[in-house]
Amino acid sequence: MNLLHRNDETFMRLALNQAAIARDEGEVPVGAVVVVEGHVIARAFNQVEKLRDATAHAEILAITQASAAIKDWRLSNATLYVTKEPCAMCAGAMVNAKLGTVVFGVTDPRAGAAGSALNVTAFDGHLHKVTVLSGVLHEECLCILQEFFRKRRQDKRDN
């Protein structure tokens, strides 16, 4: 785990902006940005419902955009900021993309794959391991998720 940098909060706020877009579009509010040498090269939010694609998680979309931006599938110099701990699919994509670092806000004890439920990002069998930093803007990242699911439950009760 690396130390928190002043810019980590700045970039996580950009990821939170993406999460807010997802929320406003009725998607689970997860947002992601990819940064290389202090520059944002990709921004994405969950679009599973919009695209009717189970793989359209913010992290997957951001990795795809980042690879296109640098014209290489290897993202070893990149840091991905995401509001929620990646699932196994997204963590696996990060390993396959040789991502340098993932920084996330809130852990997912049931399905998180960057150290909570699983540790795909540091699995001994992989040739590449992704550096992980968690807890950046934890409260803000938790709040947007809790509010979304609280509203969703209330809407179900009302209907």
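This section reports on the structure supplied with the text. (Residues numbered from 1 in each chain as written. Predicted model: local features only at pLDDT ≥ 70, side-chain atom pairs only at ≥ 80, totals over all residues. Heavy atoms only, no water.)

## Focus: the sheet that holds strand E1 (residues 31–36)
Taken in spatial order, the five strands line up as E2-E1-E3-E4-E5 in an open sheet, and their pairing is mixed. Here the strands that pair on one side only, and so sit at the sheet edges, are strand E2 (39–45) and strand E5 (131–134). Averaged over neighbouring strand pairs, the angle between their axes works out to 20° when direction is ignored. Pairing analysis gives four bridges linking strand E4 (residues 101–106) to E5, with the strands arranged parallel. Note on E5: the bridge partner recorded for Val102 is Val132. Helix H3 (residues 58–70) contacts E1, E2 and strand E3 (78–84) of the sheet and is inclined by roughly 145° relative to E2. (Pairing = 2+ DSSP bridges. Helix = DSSP H or I, 4+ residues; strand = E, 2+ residues; numbered from the N terminus. Axes fitted to C-alpha atoms, helices over the stretch in contact; angles between N-to-C directions. Contact = heavy atoms within 4.5 Å.)

## A word on the packing of aromatic side chains
Tallying each qualifying case throughout the model produces two aromatic pairs. Pairing Phe11 with Tyr81 gives two aromatic rings, centres 5.3 Å apart and planes at 40°, and the pair type is tilted. With Phe11 in helix H1 (residues 6–24) and Tyr81 in strand E3, this pair connects stretches of sequence that are 70 residues apart. Judged by relative accessible area, Tyr81 falls into the buried class, the value being 4%. (Phe/Tyr/Trp six-rings, centres within 6.5 Å; stacked < 30°, edge-to-face > 60°. Buried < 20%, exposed > 50% of the residue type's maximum accessible area, 1.4 Å probe, protein only.)

## Observations regarding the environment of Val36
Summarising the element assignment, Val36 is placed in strand E1. Note on Val36: relative accessible area 16%, which makes it buried. Measuring from C-alpha to C-alpha, the distance between Val36 and Gly105 comes to 19 Å, with 69 residues separating the pair along the chain. Setting aside its immediate chain neighbours within four residues, Val36 contacts Ile41, Asn77 and Ala78.

## Points about the pattern of salt bridges
For the structure on display, the rule yields five salt bridges. Two residues, Arg23 and Asp24, come together in a salt bridge whose shortest N-O distance is 3.0 Å. Given the relative accessible area of 34%, Arg23 is considered partly exposed. For the salt bridge of Asp72 with Arg74, the shortest nitrogen-to-oxygen distance reads 3.0 Å. A relative accessible area of 28% means that Asp72 is categorised as partly exposed. For Arg74, a relative accessible area of 40% puts it in the partly exposed group. (Salt bridge = Lys/Arg side-chain N within 4 Å of Asp/Glu carboxyl O.)

## Overview of helix H5 (residues 138–158)
Here H5 spans 30 Å end to end across 21 residues, near enough to the 30 Å set by a 1.5 Å rise per residue. When H5 is considered as a whole, its buried residues turn out to be Cys141, Ile144, Leu145 and Phe148. Here the buried residues of H5 occupy an arc of 90° about the axis, which is enough to place them on one side. Facing away from the buried side of H5 by over 90 degrees, the exposed positions are Glu139, Arg157 and Asp158. (Expected span 1.5 Å × (residues − 1). Arc of directions from axis to C-beta.)

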